[in-house]
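Understanding the architecture of this molecule
If you want the building blocks of each chain, they are given just below.
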Amino acid sequence: MSENINKKIPRHLAIILDGNGRWAKKRNLPRLMGHRAGLRKLEEMVRLVKREGIRYFSVYAFSTENWNRPSMEVQGLMSLFRYYIRRKVDEIKSEGARIRFCGRNDKLPEDLLQQMRWAEDYTKDQEILDFILCINYGGRAEILDAINKLRADNFTGEVTEQDLRKYFYLPDVPDPDLIIRTSGELRLSNFWLWECAYSEFYFTDIHWPDFDENELRKALDNYAGRDRRYGGLKNK
């Protein structure tokens, strides 16, 4: 990867993993084969992101809206998640990565939830990288859940942003600095809606299974050249 140690890198990189199905269709393969290729790519990306010195890496793996897909595809994805957690956790832990999951627990199979909890506990002491898999996640759902939890706690007084954030799924994780979306779509699709207020965005036509080290370098180099002012003026 880049050898410039002074290069500006995102503390939190987020990626919307899009294009698995289209990648498979181009090759006359079942859509599930595209999702399998996407998970293999994710293994590679964890290593590359770690090498860049990025501290938090989150990926949009399954949204609250993805339940509307054909049941066979949804069941296949759940099976792939089970396989990935069961077979790949040791490799991820060896990279110094802590696995975390973000999203609602409802609708997810109980055995998958148990594996997710086990993976989080098994890797909780790793401190080089927080690898966050957003499964059954939706930005609107997160905000609504936070409001309802706050109300359930009988919170009194004026609510601040800091108050609400304490009830988010992962309140300790900083907002994403850079959000990448693959496969040519130009939308967020309900990902990190609150947290993306000052995120930088990078869109590419490359399908996720083809997103490689060179494509990551392009995105990070593009980010490094941007001037983030957070609503203020550039320092003179």
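A few points on the structure. Keep in mind that what you see is a predicted model, and the values were worked out from it rather than measured. (Residues numbered from 1 in each chain as written. Predicted model: local features only at pLDDT ≥ 70, side-chain atom pairs only at ≥ 80, totals over all residues. Heavy atoms only, no water.)

1. Regarding the sheet that holds strand 3 (residues 97-102)
Across the sheet, which stays open at both edges, the 6 strands sit in the order 3-4-2-1-5-6 with parallel pairing between neighbours. Looking at which strands have only one partner, the edges of the open sheet turn out to be strand 3 and strand 6 (200-203). Pairs of neighbouring strands in the sheet enclose a mean axial angle of 20°, with direction left out of account. As paired elements, strand 5 (residues 178-181) and strand 6 share 4 bridges and run parallel to each other. (Pairing = 2+ DSSP bridges. Helix = DSSP H or I, 4+ residues; strand = E, 2+ residues; numbered from the N terminus. Axes fitted to C-alpha atoms, helices over the stretch in contact; angles between N-to-C directions.)

2. Some words on the packing of aromatic side chains
Under the criterion given, the structure shown has 13 aromatic pairs. On the basis of an interplanar angle of 15° and a centroid distance of 4.4 Å, the ring pair of Tyr60 and Phe191 is categorised as stacked. Of the two residues, Tyr60 is situated in strand 2 (residues 56-63) and Phe191 in the loop between strand 5 and strand 6; the sequence distance between them amounts to 131 residues. In this pair, the class of Tyr60 matches that of Phe191, namely buried. Each residue in the set Tyr60, Tyr137, Tyr169, Phe191 and Trp192 is aromatic and connected to the rest through ring pairs, giving one cluster. Sitting over the face of the ring of Tyr56, Arg55 holds its NZ or CZ atom 5.0 Å from the ring centroid. For Lys93, the ring lying beneath its charged end belongs to Tyr122, and the centroid distance is 3.9 Å. (Phe/Tyr/Trp six-rings, centres within 6.5 Å; stacked < 30°, edge-to-face > 60°. Buried < 20%, exposed > 50% of the residue type's maximum accessible area, 1.4 Å probe, protein only. Lys NZ or Arg CZ within 6 Å of the ring centre and 35° of its normal.)

3. So, the environment of Ser79
Of note, Ser79 is situated in helix 3 (residues 71-94). By relative accessible area, which is 40% here, Ser79 ends up partly exposed.

4. Overview of unusual backbone geometry
For residues that are not glycine, phi is negative in most cases, and the peptide bond is trans in most cases. Positive phi, normally seen in glycine, also occurs at Asn154, with a value near 55°. Note that Asn154 resides in the loop between helix 5 (139-152) and helix 6 (161-165). Among the residues examined, Asn154 registers a relative accessible area of 62% and is labelled exposed. Here the phi dihedral of Asn190 falls at roughly 75°; this positive angle occurs in a residue that is not glycine. Within the secondary structure, Asn190 is located in the loop between strand 5 and strand 6.

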